[in-house]
Amino acid sequence: MRKFFTIIITMLAAMAEAQETFTIATLNVDGLPLNVLGRDVNPDGPGSEGSVRISEYLAKKGYDMVMMQEDFNYHEELATHLTDEYALDEWSGGVNVEDYDFTNPNFRFACDGLMAAVRTLTDFSKRTAWEDYYGRMDHAWDGMVTKGFRRYELTLAGGTEIVVYNMHMDAEDEGDDVAGDREARKGQWQQLCEEITEKLDERPIIVVGDMNSLYDRDPIRELFTDKISATGKATVGDAWVEIGEGDETLDKIMYVNPTGGTGVKPIAYECDREGYRYDGKPLGDHYPVAVTFEVVKGETGIAAIRGSEVERLKSPQVQGYHDLTGRRVTEPKKGIYINKEHKVVVN
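As for the pairing of strand 6 (residues 115–118)
Working step 1: Side-chain alternation along strand 6 places Met115 and Ala117 on one buried face and Ala116 and Val118 on a second face that is also buried.
Working step 2: Summarising the sheet, strand 4 (residues 65–69) and strand 6 pair through 4 bridges and their orientation is antiparallel. The residue bridging valine 66 from the neighbouring strand is alanine 117, located in strand 6.
Working step 3: The pairing of strand 5 (residues 87–88) with strand 6 spans 2 bridges and is classified as antiparallel. Counted as the bridge partner of leucine 88 is alanine 117 from strand 6.

Thoughts on the sheet that holds strand 12 (residues 251–258)
Working step 1: In space, the 6 strands of this open sheet follow the order 7-8-9-10-12-11, with mixed pairing throughout. Here the strands that pair on one side only, and so sit at the sheet edges, are strand 7 (123–129) and strand 11 (234–238). Strand-to-strand twist of the sheet, defined as the mean angle between neighbouring strand axes without regard to direction, takes the value 20 degrees.
Working step 2: Where strand 10 (residues 205–210) and strand 12 come together, 6 bridges link them in antiparallel fashion. Considered in strand 12, the bridge of glycine 209 is made with lysine 252.
Working step 3: In this fold helix 4 (residues 179–199) packs onto strand 7, strand 8 (148–155), strand 9 (161–168), strand 10 and strand 12, with an angle of close to 165 degrees to the strand it touches most, strand 9.

Some thoughts on the nonpolar core
Working step 1: Counting 23 residues, the largest nonpolar core has Phe22, Ile24, Met65, Met67, Val164, Ile206 and Phe293 as the members making the most contacts within it.
Working step 2: Per element, the largest residue contribution to this core is 4 residues, and it comes from strand 16 (residues 289–297).
Working step 3: Apart from residues no more than four positions distant in its own chain, phenylalanine 22 is found in contact with Asp64, Met65, Leu156, Ile162, Ile206, Val264, Val291, Thr292, Phe293 and Val295.
Working step 4: Counting residues in each nonpolar core, the second largest holds 22 residues, with Val163, Met167, Ala234 and Met254 among its members.

Details of helix 2 (residues 47–61)
Quick reminder: α-helices carry 3.6 residues per turn. Residues three or four places apart thus point the same way.
Working step 1: Its 15 residues give helix 2 an end-to-end C-alpha distance of 21 Å, which sits within 8% of 21 Å, the value for a rise of 1.5 Å per residue.
Working step 2: The set of residues buried in helix 2 consists of Gly47, Gly50, Ser51, Ile54, Ser55, Tyr57 and Leu58. The buried residues of helix 2 all sit within an arc of 160 degrees when viewed along its axis, so they share a single face. Facing away from the buried surface of helix 2 by more than 90 degrees, the exposed residues are Glu49 and Lys60.
Working step 3: Buried-residue contacts for helix 2 involve strand 1 (21–28), strand 4 and helix 3 (75–79).
Working step 4: A positive phi of about 70 degrees marks glycine 62, the residue just after helix 2.

What to know about the side chain of aspartate 30
Working step 1: Inspection of the secondary structure assignment puts aspartate 30 in the loop between strand 1 and strand 2 (35–36).
Working step 2: No salt bridge is formed by the buried aspartate 30; its nearest oppositely charged neighbour, lysine 147, is found at 11 Å.
Working step 3: In this structure the side chain of aspartate 30 is engaged in a polar contact, spanning 3.5 Å, whose partner is the backbone nitrogen of aspartate 285.
Working step 4: Here aspartate 30 is in contact with Asn42, Asp44, Gly45, Pro46, Gln69, Glu70, Gly284 and Asp285, once residues within four sequence places are set aside.

Let's talk about the pattern of salt bridges
Working step 1: If you walk through the whole model with that rule in mind, you get 22 salt bridges.
Working step 2: With a shortest N-O distance of 2.7 Å, aspartate 89 and arginine 150 are connected by a salt bridge. Linking aspartate 89 in the loop between strand 5 and strand 6 with arginine 150 in strand 8, this pair joins segments that are 61 residues apart in sequence. The two residues aspartate 89 and arginine 150 agree in class, both being buried.
Working step 3: For glutamate 248, the salt bridge is made with lysine 252, and the minimal N-O distance between the two is 2.6 Å.
Working step 4: Among the residues examined, lysine 252 registers a relative accessible area of 4% and is labelled buried.
Working step 5: Through salt bridges that share partners, Arg151, Glu153, Glu195, Lys199, Asp201 and Arg203 make up one connected network.

Here we look at helix 5 (residues 220–229)
Working step 1: Those residues of helix 5 that sit buried are Ile220, Leu223, Phe224, Thr225 and Ile228. Buried residues of helix 5, viewed axially, fall in a sector of 145 degrees; they line one side.
Working step 2: The inward-facing, buried residues of helix 5 abut helix 4, strand 10, strand 11 and strand 12.

Examining the packing of helix 4 against helix 5
Working step 1: Interhelical geometry of helix 4 versus helix 5 gives an angle of 10 degrees and a closest axis separation of 9 Å. Considering the angle they form, helix 4 stands roughly parallel to helix 5. Contacts between helix 4 and helix 5 pair Lys186, Trp189, Gln190, Leu192, Cys193, Ile196 and Thr197 from the former with Ile220, Leu223, Phe224, Lys227 and Ile228 from the latter.
Working step 2: Class assignment for the residues of the contact of helix 4 with helix 5 results in 8 nonpolar, 2 polar and 2 charged.

Overview of the pairing of strand 16
Working step 1: Burial within strand 16 is extensive, with 8 of its 9 residues counted as buried.
Working step 2: The pairing of strand 1 with strand 16 spans 6 bridges and is antiparallel. Within strand 16, the position partnered with isoleucine 24 by the bridge is valine 291.
Working step 3: Where strand 13 (residues 262–271) lies against strand 16, 9 bridges are found, and the strand directions are antiparallel. From the neighbouring strand, threonine 262 faces strand 16, where its bridge partner is lysine 297.

Calculation rules
- Residues numbered from 1 in each chain as written.
- Predicted model: local features only at pLDDT ≥ 70, side-chain atom pairs only at ≥ 80, totals over all residues.
- Heavy atoms only, no water.
- Buried < 20%, exposed > 50% of the residue type's maximum accessible area, 1.4 Å probe, protein only.
- Helix = DSSP H or I, 4+ residues; strand = E, 2+ residues; numbered from the N terminus.
- Pairing = 2+ DSSP bridges.
- Axes fitted to C-alpha atoms, helices over the stretch in contact; angles between N-to-C directions.
- Contact = heavy atoms within 4.5 Å.
- Core = buried A, V, L, I, M, F, W, Y, C linked by side-chain atoms within 4.5 Å.
- Expected span 1.5 Å × (residues − 1).
- Arc of directions from axis to C-beta.
- Lys, Arg positive; Asp, Glu negative; His and termini not counted.
- Salt bridge = Lys/Arg side-chain N within 4 Å of Asp/Glu carboxyl O.
- Polar contact = N/O pair within 3.5 Å; in protein donor to acceptor, adjacent residues only side chain to side chain.
- Parallel < 35°, antiparallel > 145°, perpendicular 65-115°, else oblique.
- Nonpolar A, V, L, I, M, F, W, Y, C, P; charged D, E, K, R; others polar.

The structure is reproduced here in structure tokens:
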């Protein structure tokens, strides 16, 4: 009997060690120019010097992948400390007056401000513009740049393939008539939902970005979470909702697990309000949000056992709860046990 449990312990330990994890962060780097044609556009932004400090901060944190927004006019500074450890996506350019076409009343700068720094990859981004947006010289200037999302097909260090969406949704300024901004975001959530549903396969999907959305003002569940889950092809989660602490932020890390495919689950969440500072002041107008995910493949690993309570052990001698050395446990604490139905239970 002791030999039997020794084998089980060894097997579960091996599965736990093989469990693959990765970290992903989202950060609006506040990279708009400080002023344009003498007009203050982003006077409190990090500018050139601050963008170098943001780069240094990210390099020290050492996330497996960082998805950024508003990488406009200080890209070289932002890349300073990242190029040795990360592959960087294609930069779409900055907001420069000399590029503006004054003869075109519908002119938009081609840049989307989206950028990725990743350690391993299969394929870099496919870029898609939002079909709906609101405002040009007002309402956060959303219509002056080509906002949208980028889709990445990535391979983790352990060989797992995932898909990541990085995006920047329409903003709203305090004091504005926000109805147009919120209606634009509704369209963007719908567009994102259709994109993901259409391309869904066996790979898990991470959805991140500055979404400018809050659950108490934007129908995220109605237009995205519930709609994807209703297909029966996948389920949707939000790391902050499940394990986060503190107030909700506009920057989110969500995930989509395909039915019957590889899945992920968040195991750690951080919004670094304390570390993202220099000389007592925040480095930008957003704080970085980071999540550690654990990969769950079918019935492999302790995470899958916890979720599905798959029946793995058959022993007529098991009564009540027993730990894996065979000792009876009246009130099981944190750990791995076998219950009276002969199933592995992880508390």
